[in-house]
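Coordinates in review
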Amino acid sequence: LLKQKANSSNEPPSSCQTDTKKKRPLKAGNSPEVPLINGNRNEVKAKSTNRLDNGSAKENPPLAKAKSKKVATDKNLNDTKSDGKGCKEEKKNGNILKEKGDIKHQRRKAEEHAEQQPKEADIWFDDVDPKDIEAAIGPEAAKIARRNLGLETGQSQRSVEEVLVKEKASEGLTRAVAMDCEMVGVGPKSEDSIVARVSIVNQFGKCVYDKYVKPTEEVTDYRTAVSGIRPENINTGEDFNTVQKEVADILNGRILVGHALRNDLKVLFLDHPQKKIRDTQKYKPFRQRVKSARPSLKLLCEKLLNIPVQTSEHCSIQDAQAAMRLYTLEKKKWEAAVKNKANNKNCK
């Protein structure tokens, strides 16, 4: 019995007694080191975290601190750089604003460029050389002028009438008119000529006068292959004296344009002041360009207007239109040269 009492006095207290004495609630953060469970501390941490999330009324202090930091970051987006969502949205909005500004700038530049470009309606070939237009206004304006003239390269040629006649233009008499006559042969060898047809066009290429003329002598050669005249045309034509008077009235006080006009005036038995004659065959700049002392109307049209004329039977209307187009091509320079020549004569 004594041995049993001694042994019982040396035994450690029972588990019930220990739990009764030491059982107190543990405060968060003051607990001793977390014991290992199967050698893994993380397992215990995970369980305790889950317990707090699911059942605890208190918020986790570390989570509250993280939230406050994020709020502060969002408030200072304009001053600091951050990878947060708000910063990305701010950058995105900035890019959108910048793109909108670029689009407006490009649109404004395009409108200004369009305003600066010459309109085709404002440019006509009447009295300006495309080279002068290019030097004064620019290549776009010169391109329009060349297109109006039918001088563009690499494109299909415009029809002869489109080049020679201005659409929707006045059909009445103008300050300058162009005339051309077709002739037939008379005499034993058909060497002499008489007028068979007279055509006059205004400055825009519109025909203002066109009549066949009754022959005053017996015709020995109608020259149809060149003149296009046939017996039936002139046998029912207008009396020569009537035609002569009507043509004289039209030419009176006007600039007369034509090619080799001396021959036309000769068969009409008319005269015209030299200072009012514009002969495309005698115009020096034309002769220099085509390198011919007496260029034909066909050559001038091919080289300067890029159109074919007189390819078969001649037409006095078309020949008059061609002469007028050549004149309007150089009108300003031509008239300035005539004026200077007159001033020099007056000075002498």
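Note that this is a predicted model, so its numbers are computed, not measured. (Residues numbered from 1 in each chain as written. Predicted model: local features only at pLDDT ≥ 70, side-chain atom pairs only at ≥ 80, totals over all residues. Heavy atoms only, no water.)

Overview of unusual backbone geometry
Of note, K291 is a non-glycine position whose phi angle comes to about 55°, a positive value. Assignment of secondary structure puts K291 in the loop between α13 (284-290) and α14 (297-305). Overall, K291 belongs to the exposed group, its relative accessible area being 76%. (Helix = DSSP H or I, 4+ residues; strand = E, 2+ residues; numbered from the N terminus. Buried < 20%, exposed > 50% of the residue type's maximum accessible area, 1.4 Å probe, protein only.)

Details of helix α15 (residues 316-329)
Spanning 14 residues, α15 covers 20 Å between terminal C-alpha atoms, matching the ideal 20 Å at 1.5 Å per step. Extensive coverage of α15 is indicated by the burial of 13 of its 14 residues. (Expected span 1.5 Å × (residues − 1).)

Regarding the packing of α15 against helix α16 (residues 331-347)
Helix-helix packing is characterised by the crossing angle of the two axes and by the distance between the axes. Direction vectors running N to C along α15 and α16 enclose 75°, while the axes themselves pass 5 Å from each other. As far as their axial angle goes, α16 and α15 are roughly perpendicular. Where α15 approaches α16, its residues Y327, T328 and L329 are matched on the opposing element by K331, W334 and E335. Across the contact of α15 with α16, the residue classes tally to three nonpolar, one polar and two charged. (Axes fitted to C-alpha atoms, helices over the stretch in contact; angles between N-to-C directions. Parallel < 35°, antiparallel > 145°, perpendicular 65-115°, else oblique. Contact = heavy atoms within 4.5 Å. Nonpolar A, V, L, I, M, F, W, Y, C, P; charged D, E, K, R; others polar.)

Notes on the packing of aromatic side chains
This model, assessed by the stated rule, comprises five aromatic pairs. When the ring of F240 is compared with that of F269, the centres are 6.1 Å apart and the planes differ by 90°; the resulting orientation is edge-to-face. Residue F240 is found in helix α11 (residues 240-251), and its partner F269 is found in the loop between α12 (261-268) and β6 (277-279); the two are separated by 29 residues along the sequence. On the accessibility criterion, F240 (14% relative accessible area) is buried. By relative accessible area, which is 65% here, F269 ends up exposed. Following the ring pairs from residue to residue traces out a cluster consisting of Y283, F286, Y327 and W334. (Phe/Tyr/Trp six-rings, centres within 6.5 Å; stacked < 30°, edge-to-face > 60°.)

Focus on the packing of α14 against α15
Contact pair α14 / α15: the axes reach a minimum separation of 11 Å and the direction vectors enclose 45°. Comparing their axes, α15 and α14 come out oblique. α15 is crossed by α14, and the crossing has left-handed handedness. Counted together, L297, L300, C301, L304 and L305 of α14 and D319, A322, A323, R325, L326 and L329 of α15 form the full contact between these two elements. In the contact of α14 with α15, the residues fall into nine nonpolar, no polar and two charged. (Left-handed = near helix turned anticlockwise from the far one by under 90°.)

Regarding a positive patch on the surface
Taken together, the side chains of R262, K266, K282 and R294 make up a positively charged region of the molecular surface. Assignment of secondary structure puts R294 in the loop between α13 and α14. Owing to a relative accessible area of 65%, R294 belongs among the exposed residues under this scheme. (Patch = residues over 30% accessible without salt bridge, like charges linked within 9 Å, V, L, I, M, F, W, Y side chains within 5 Å. Areas by Shrake-Rupley, 256 points an atom, 1.4 Å probe, with all protein chains shown as cover. Salt bridge = Lys/Arg side-chain N within 4 Å of Asp/Glu carboxyl O. Lys, Arg positive; Asp, Glu negative; His and termini not counted. Charge placed at Lys NZ, Arg CZ, Asp CG, Glu CD.)

Quick notes on the pairing of strand β2 (residues 192-201)
The element β2 is extensively covered by neighbouring structure, given that eight of its ten residues are classed as buried. Here strand β1 (residues 176-186) runs beside β2; their pairing, made up of nine bridges, is antiparallel. What sits directly across from M179, in β2, is I200. Linkage of β1 to β2, two consecutive antiparallel strands, is achieved through a turn of five residues, within which G187 is found at a positive phi near 95°. (Pairing = 2+ DSSP bridges.)

Digging into the environment of V198
Of note, V198 is situated in strand β2. Accessibility expressed as a relative area gives 0% for V198, which makes it buried. The sequence separation of V198 and D180 amounts to 18 residues, and the corresponding C-alpha distance is 6.1 Å. Apart from residues no more than four positions distant in its own chain, V198 is found in contact with M179, D180, C181, Y209, D210, K211, V213, V243, V247 and L268.

Section: the confidence of the model for the protein chain
If pLDDT is low for a region, its predicted coordinates should not be looked at in detail. Of the residues in the protein chain, 58% reach a pLDDT of 70 or more, and the chain-wide mean stands at 75. Confidence over residues 13-23 falls short of pLDDT 50; this stretch has one contact with residues more than four positions distant or in other chains. (pLDDT = per-residue confidence, 0-100.)

What about α11?
Here α11 contains twelve residues, and its C-alpha end-to-end distance of 16 Å stays within 8% of the 16 Å for a straight helix at 1.5 Å per residue. For α11, the complete set of buried residues consists of F240, V243, Q244, V247, I250 and L251. Projected onto a plane normal to the axis of α11, the buried residues spread over an arc of 130° and lie on a single side. Across from the buried face of α11, at angles greater than 90 degrees, the exposed residues are N241 and K245. Turning to α11, the residues buried within the fold contact β1, β2, β3 (207-212), β5 (255-258) and α12. Sitting at the head of α11, D239 places a side-chain oxygen 3.2 Å from the backbone nitrogen of N241. G253, located one to two residues past α11, shows a positive phi value of around 75°. (Arc of directions from axis to C-beta. Polar contact = N/O pair within 3.5 Å; in protein donor to acceptor, adjacent residues only side chain to side chain.)

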